[in-house]
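# Reading the structure
Residues per chain, in single letters:
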Amino acid sequence: MSNIETFAVIGGDLRSAYLAGALAADGYKVITSGFDSTDLPPCVTGCTNPAQAASLADFVILPLPVTTDASTLNAPFSRVRITLDQVLNAVGPDQKLAGGSVSEVVRKEAEKRGLTIYDYFSREELAIHNSVPTAEGAIQLAMEETPITISGARCLITGYGRIGRTLARLLVALGADVTVAARKFADLAWATTQGCAAVEMEHMADAGDFDVIFNTVPVMLFDRELLTKMDRGTLLI
C-alpha cells in the first residue's frame, strides 16, 4: 500500500484485533482504540482516545459492522462508548477510511465531512469466508436452545446465499434433515446436490414442521400469519 505507514484500528471484535496484529506483522505502525478488555499483540500501540488514534493514522479501519445503532461504534471490548461522530470528526480528507457493512447513514455522515468510506465487506472473498463463523454461530445457538441433537433434527434454511449455502453444508455434515426454501430454481437445484430437500419460498408454509428454522433472508418473511401456522416448539434463528 503506497504512502501508507500507519493504520488505526478503532473498535470491533476479535476479527479487528487479529487484523491489527496482522498489519503490525507486515511492518506497519498500528494504533488501536476500543480494545480495553482484550489482549492485543505487543507490537501494536494502544490509545485510550479514539479521536486521537484516528487523527494519527494514514488509514483508519472501522469495525464490521461499523455500527448497530447508527450512533455508536461497534466496540464490544471498549469500556467507554465510542461515537461515530467522535471518530469521523477526527478524520481528514487526505486520510483513507474503511469499514465493514457500511450503512447508508454512515456513508452520508462521512460524505458530510468530505470523506469517502470504503466498505471492505463488499469484497466477495471476505463475505464468503465470513459466512463460516456466521453459520457456525447459528448452529451453536441451535445446539444451546434445543433439547435435541442436530443429527436427525428437521431444519429449514430460508435463502440460499453465502450463509445459506454454508449452513446447508455444515448441517448436512452433522446429520440434520435439511430443507432449503429459495426463490430461484437454480438455488433449489444446487441445494438438492448438497443432499437437501428443496421448496419454493412461496410454498414453505406447506413444507411441514421443523425443529429449527434458520432465516438468512433480510426481509420480513415470518409474519403473524406464517408464525401462527408454525409448531410452538420450533426454534427460529
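Conventions adopted
Numbers given for residues are sequential positions, taken from 1 along each chain in its written order. Selection of residues for local features in this predicted model requires a pLDDT of at least 70, selection of side-chain atom pairs for listing and counting requires 80 or more, and totals for whole chains, interfaces and linings are taken over all residues. Note that water and hydrogens are dropped before the side-chain values are worked out from all heavy atoms of the structure. Numbering of helices and strands starts at the N terminus; helices are DSSP runs of H or I of at least 4 residues and strands are runs of E of at least 2. Throughout, exposure labels follow a simple rule: accessible area from a 1.4 Å probe, protein chains only, divided by the maximum for the residue type, with under 20% read as buried, over 50% as exposed, and the rest as partly exposed. We call two residues in contact when some of their heavy atoms are within 4.5 Å. Strand pairing requires that DSSP identify at least two bridges connecting the strands. Throughout, right-handed denotes a crossover for which the path from the first strand over the helix to the second runs clockwise when the strands point away from the viewer. Salt bridge, as used here, is a side-chain nitrogen of Lys or Arg placed within 4 Å of a carboxyl oxygen of Asp or Glu. Angles shown run from 0 to 180 degrees and are taken between the N-to-C directions of axes, each axis being a line fitted to C-alpha atoms and, for helices, limited to the stretch in contact.

### Let's talk about the side chain of Asn130
Along the chain, Asn130 falls in helix 5 (residues 124–145). With a relative accessible area of 12%, Asn130 lands in the buried category. Ignoring anything within four residues of it in the chain, the contact list for Asn130 reads Arg15, Leu64 and Phe121.

### Examining the sheet that holds strand 5 (residues 96–99)
An order of 3-2-1-4-5-6 is seen for the 6 strands of this open sheet, with the pairing classed as parallel. The open sheet has two free edges, formed respectively by strand 3 (45–46) and strand 6 (117–119), since each of these has just one partner strand. The pairing of strand 5 with strand 6 spans 3 bridges and is classified as parallel. Within strand 6, the position partnered with Leu97 by the bridge is Ile117.

### With respect to the pairing of strand 5
Here strand 4 (residues 59–61) pairs with strand 5 via 3 bridges, running parallel. Bridged to Val60 within strand 5 is Leu97. For the handedness criterion, the β-α-β arrangement of strand 5, helix 4 (residues 104–112) and strand 6 is classed as right-handed.

### Here's the deal with the pattern of salt bridges
Going through the model one piece at a time under the given rule, you end up with 9 salt bridges. The salt bridge involving Arg15 is made with Asp13; its shortest N-O contact spans 2.8 Å. Judged by its relative accessible area of 23%, Asp13 is partly exposed. Note that Asp85 and Arg113 form a salt bridge whose closest N and O atoms lie 2.9 Å from each other. Placement of the pair is Asp85 in helix 3 (residues 84–88) and Arg113 in the loop between helix 4 and strand 6, with a sequence separation of 28 residues. On the basis of relative accessibility, which here comes to 39%, the residue Asp85 falls in the partly exposed class.

### A word on the sheet that holds strand 9 (residues 197–200)
Strands sit in the order 9-8-7-10-11 across an open sheet of 5 strands; the sheet is parallel. With one partner strand each, in any of the chains shown, strand 9 and strand 11 (235–236) form the two edges of the open sheet. Direction of pairing for strand 10 (residues 212–215) relative to strand 11: parallel, over a ladder of 2 bridges. Bridged to Val212 within strand 11 is Leu235. With respect to the sheet, helix 7 (residues 185–193) is in contact with strand 8 (177–182) and strand 9, its orientation differing from that of strand 9 by roughly 165°.

Such coordinate-based values are descriptive only and should not be taken to indicate function.
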